[in-house]
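The residues making up each chain are set out below.
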Amino acid sequence: MAEGTVAEDGRTGRGDARFLSAYFRRIGYSGDAAPTLAAIAAVHAHHTRAIPFENLAPATGSAVDITDEGIEAALVDRRRGGYCFQHAGLLSRALAAMGADGVENHLCRVYWGRGPGAGAPARTHQATVVETEGRRYLVDAGFGGFNPSGILPLGLAPEDSAVSTPLGTFRAVDVAVAGLPAGDTPGIDLMVQARLTEGWATLYGVDLGAHARADFEVANWYVSTSDIPPFTRSLMASIRTETERITLANLELAVRTYTPDGASTVQRSTLGSADELREAARELFRIEDAALDWDRAYRVAAQA
């Protein structure tokens, strides 16, 4: 959670013009700064195309600082990427600086890849809710390779909530719609889902309750230091363009290209050295960091 703009209930305050100008330059956004629905959607799109999801810091043994200053230094000044706690902290701070109402950050349980009855996963994801033009929306820039490629309206019936984008269709629905056992979903109010060929798949559930700043700090500490979540023992990165999702899972690189009819094709390759990893990071994920231990990052990926 972005420290300095967050109240004890997890709601953010307004930021400053200097930060917002730097953030807009970082994401290549030159549009309207008024917090309209169109502007928020455009900022979200620019953010996810400019700043990659990546876990190079915890994978190489570095601390993840989620204060305002720490996030801005890493993602804006050093032009690095980050994971959910950094992305949500940055994006929510920007939305608050734009003057948006009801900017809140919430902890989430990730269900992607888990079967029903597997129990409740820890709350290891962070996503943002904002209010504009009379409705609340979920705005997420830090879920990784299958990040929702649009902002999702809340409070609609399931049949009216789907948001179709060139990179997939997503929705946020009441927790009951997912049909998971109650033991899997304690404290969860919303489910974020993606439409696959076989139907709707649940990505994560959102706890809309109030959170203290310490809740996010503890969750970030756990994710960035424990060997139970994958962030310290594997390597991952993702970014998107208008027509592609580009992902790295350890040394496996995938570029999925979408066509206007919603179909997609994927091109895969395997990175064979630390130099190839560094080159892919620079060319595809826009990450250049001479201070990073690329040899260590490669070893983590190779041993995962």
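Up top you'll find the structure we're talking about.
Attention here is on the structure that accompanies the text.

Parameters at a glance
Residues numbered from 1 in each chain as written. Predicted model: local features only at pLDDT ≥ 70, side-chain atom pairs only at ≥ 80, totals over all residues. Heavy atoms only, no water. Pairing = 2+ DSSP bridges. Helix = DSSP H or I, 4+ residues; strand = E, 2+ residues; numbered from the N terminus. Buried < 20%, exposed > 50% of the residue type's maximum accessible area, 1.4 Å probe, protein only. Arc of directions from axis to C-beta. Contact = heavy atoms within 4.5 Å. 1 Å grid on protein atoms, 1.4 Å probe; cavity = no way out; pocket = protein on both sides within 12 Å on 5 of 7 lines; lining within 4 Å. Points joined across faces, edges and corners; volume = space filled by probe spheres on them. Nonpolar A, V, L, I, M, F, W, Y, C, P; charged D, E, K, R; others polar. Phe/Tyr/Trp six-rings, centres within 6.5 Å; stacked < 30°, edge-to-face > 60°. Lys NZ or Arg CZ within 6 Å of the ring centre and 35° of its normal. Polar contact = N/O pair within 3.5 Å; in protein donor to acceptor, adjacent residues only side chain to side chain. Salt bridge = Lys/Arg side-chain N within 4 Å of Asp/Glu carboxyl O.

## Some words on the sheet that holds strand E6 (residues 163-165)
So, point 1. Spatial strand order, E5-E4-E3-E2-E9-E8-E7-E6: eight strands in an open sheet with antiparallel pairing. Looking at which strands have only one partner, the edges of the open sheet turn out to be strand E5 (152-153) and E6.
So, point 2. The sheet contact formed by strand E8 (residues 190-196) and strand E9 (residues 199-206) spans seven bridges and is antiparallel. Paired with Val-192 across the bridge in E9 is Tyr-204.

## Looking at helix H8 (residues 274-283)
So, point 1. For H8, the complete set of buried residues consists of Ala-274, Leu-277, Ala-280 and Ala-281. Viewed end-on, H8 has its buried residues packed into an arc of 125 degrees, placing them on one side of the element.
So, point 2. In this structure, the buried side of H8 is in contact with strand E11 (244-249) and helix H9 (294-303).

## Some points on the layout of surface pockets
So, point 1. In this model, the second largest pocket occupies a volume close to 280 Å³.
So, point 2. Broken down by secondary-structure element, the contributors of at least two residues to the lining of the second largest pocket are helix H3 (56-59) and helix H4 (68-77).
So, point 3. Looking at the lining of the second largest pocket residue by residue, the classes come out as nine nonpolar, six polar and six charged.

## Let's talk about the packing of aromatic side chains
So, point 1. Applying the stated rule across the entire model yields eight aromatic pairs.
So, point 2. On the basis of an interplanar angle of 70 degrees and a centroid distance of 5.7 Å, the ring pair of Tyr-83 and Phe-85 is categorised as edge-to-face. An identical accessibility class is assigned to Tyr-83 and Phe-85; each is buried.
So, point 3. Judged by centre distance (4.9 Å) and plane angle (45 degrees), the rings of Phe-143 and Tyr-204 are tilted. Of this pair, Phe-143 sits in the loop between strand E4 (135-139) and E5 while Tyr-204 sits in strand E9; the two residues are 61 residues apart in sequence, bridging distant segments of the chain. Summarising the burial analysis for this pair, Phe-143 and Tyr-204 share the class buried.
So, point 4. Through successive ring pairs, a cluster of aromatic residues spans Phe-19, Tyr-23, Phe-24 and Tyr-29.
So, point 5. The lysine or arginine in question, Arg-93, covers the ring of Phe-19, its NZ or CZ lying 3.8 Å from the ring centre.

## So, the side chain of Ser-161
So, point 1. Structurally, the position occupied by Ser-161 is in the loop between E5 and E6.
So, point 2. Within the structure, the side chain of Ser-161 is placed 3.0 Å from the backbone oxygen of Pro-158, a separation counted as a polar contact.
So, point 3. When residues no more than four places from it in sequence are discounted, the contact partners of Ser-161 are Pro-153, Leu-156, Phe-170, Arg-171, Ala-172 and Val-173.

## Observations regarding the pattern of salt bridges
So, point 1. Per the stated rule, a full pass over the model turns up 13 salt bridges.
So, point 2. We note a salt bridge from Arg-93 to Asp-16, for which the minimum N-O separation is 3.7 Å. Note that Arg-93 is positioned in helix H5 (residues 84-97) and Asp-16 in the segment before helix H1 (17-27), a separation of 77 residues in sequence.
So, point 3. For Arg-123, the salt bridge goes to Asp-207, with nearest N and O atoms at 2.7 Å. You can see Arg-123 sitting in strand E3 (residues 123-132) and its partner Asp-207 sitting in the loop between E9 and helix H7 (213-225), a full 84 residues away along the chain.
So, point 4. Note on Asp-207: relative accessible area 11%, which makes it buried.
So, point 5. Linked through salt bridges whose partners overlap, the residues forming this network are Asp-16, Arg-18, Asp-68, Glu-72 and Arg-93.

Such coordinate-based values are descriptive only and should not be taken to indicate function.
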